[in-house]
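Chain by chain, the residues:
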Amino acid sequence: MTNAPMTPPPPIPLTILTGFLGAGKTTLLNRMLKSPALQDTVVIINEFGEIGLDHLLVETVDEGMVLLSAGCLCCSVRGDLIATLEDLLRKRDNGRIMPFRRVIIETTGLADPAPILHAVLYHPYLSMRYAVEGVVTVIDAVNGALTLDLHREAVKQAAVAERIVLAKMDLVQDRTSLRDLRERLRQLNPGAAILEADAPVEDIVAGGLFDLDGKIADVAGWLKTEAVEEAERLSHAHQHAHHHHDDHDGHDHGHRHHDVNRHDERIRAFCLTSNQPVRQGTLDMFLDLLRSSQGAKLLRVKGLVALAEDPEHPVVIHGVQHVIHVPAILPRWPSEDRRSRIVFIVDDLERETVEKLWNAFLGRPAVDQPDAAALSDNPLSLRR
Ligand SMILES: Nc1nc2c(ncn2[C@@H]2O[C@H](COP(=O)(O)OP(=O)(O)OP(=O)(O)O)[C@@H](O)[C@H]2O)c(=O)[nH]1
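Predicted model, so just to flag it, every value in this text is computed and none were measured.

(A) Inspection of the site of the ligand at higher detail. Lining the immediate surroundings of the ligand are 13 residues, of which Gly 24, Lys 25, Thr 26, Thr 27 and Asp 170 lie closest. The contact in question runs from an oxygen atom of the ligand to an N or O atom on the backbone of Gly 24, over 2.9 Å. Against a free-state accessible area of 640 Å², the protein chains account for coverage of 63% of the ligand. Here the shell around the ligand gets three residues from one element, more than from any other, and that element is helix H1 (residues 25-33). Residues belonging to the shell around the ligand are distributed by class as follows: four nonpolar, four polar and five charged.

Written out as structure tokens, the structure is:
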């Protein structure tokens, strides 16, 4: 047992840096580590037992621990990520290593970042000590579209990102393709900021839910519900236009990208809302049922929910696959908008399935019934 302090120390921001093979992760990381903003950052290069060469690109001192000139401590992990994260805390608490202020995990190019998020969020102790800031996904500006066409892993990496960073911009010759790639990424992940690799380091690593001291920073910026809702509206309009178009001439002219984007189409983002505060028990049951029945398909769940028991203090929820946890209860609403909002990024799961469950728990009628709007103002009238 360690000597637990009376009040827990502020959580340490943790960023997951991912991106397909050769996308430019290590190059970006090396540039960022030179910035004073990332002083006292621990970098974990996660090789998941694969033979990786990334760790050779940073100077190894001993036992896989590296001290960079910028004062960054890096370690190359071949084994268990959890064990490493625990070990780092132990050494930090014992004063055996510097009190690092941030952790960046660089994943292998083929990694699905969800299990990494899962590993930290699920762990009762690590989830208290580390504040999962978010996923940063590096996309090759030249080969990105082809990679997305061919590799589902790459699509998932882009879909779950808080921030997408376009690398190799200096190699781009075809501006139209770049514009298409940006548009595709925006559709795939409407809530993510799309940056370029020379963006300020702070914008790339931070800007998530937590600030550098682990305090809740910008919930609205993190949730980006407006962007998700807008993308849903556009996608509906787009689909209608397609149907209309196809009905007329029987062909799908000019929309071949629809075929190649099959991976993209199975992964989607949507947002559910409620104007009425939700009972804690109802929310728990909804999330429980959702994760037990659809867990593997929930790439990300992020939300801000008004609880009936304490509507002035919304809870932030943050989840991945089978785990959904409450990282914070806010002292107040971040804006005038007091709706409960939950953003889902899902893989091969229909919005309707989740929405039906949500409506059932809220005691709402099905949305496709004509009098739904009127009745939803008075859900009790529907109860048998
Ligand atoms: N011109 C140019 N080349 C880049 C840029 N970023 C990365 N590269 C090159 O692209 C190749 C792959 O870059 P890395 O940073 O190793 O990519 P990675 O994502 O870490 O690769 P893996 O770890 O193998 O998945 C290297 O040859 C880099 O020099 C860039 O912005 N411009």
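(B) Spotlight on the pattern of salt bridges. Scanning the entire structure with this criterion turns up 21 salt bridges. In this structure, the salt-bridge partner of Arg 102 is Glu 133, at a minimum N-O distance of 4.0 Å. Of the two residues, Arg 102 is situated in strand S5 (residues 102-106) and Glu 133 in strand S6 (residues 130-140); the sequence distance between them amounts to 31 residues. Between Asp 140 and Lys 168 there is a salt bridge, with the nearest N and O atoms lying 3.2 Å from each other. Residue Asp 140 is found in strand S6, and its partner Lys 168 is found in the loop between strand S7 (163-167) and helix H7 (175-188); the two are separated by 28 residues along the sequence. By relative accessible area, Asp 140 is classed as buried at 8%. Linked through salt bridges whose partners overlap, the residues forming this network are Asp 87, Arg 90 and Lys 91.

Criteria and thresholds
Residues numbered from 1 in each chain as written. Predicted model: local features only at pLDDT ≥ 70, side-chain atom pairs only at ≥ 80, totals over all residues. Heavy atoms only, no water. Near = heavy atom within 4 Å. Polar contact = N/O pair within 3.5 Å; in protein donor to acceptor, adjacent residues only side chain to side chain. Areas by Shrake-Rupley, 256 points an atom, 1.4 Å probe, with all protein chains shown as cover. Helix = DSSP H or I, 4+ residues; strand = E, 2+ residues; numbered from the N terminus. Nonpolar A, V, L, I, M, F, W, Y, C, P; charged D, E, K, R; others polar. Salt bridge = Lys/Arg side-chain N within 4 Å of Asp/Glu carboxyl O. Buried < 20%, exposed > 50% of the residue type's maximum accessible area, 1.4 Å probe, protein only.

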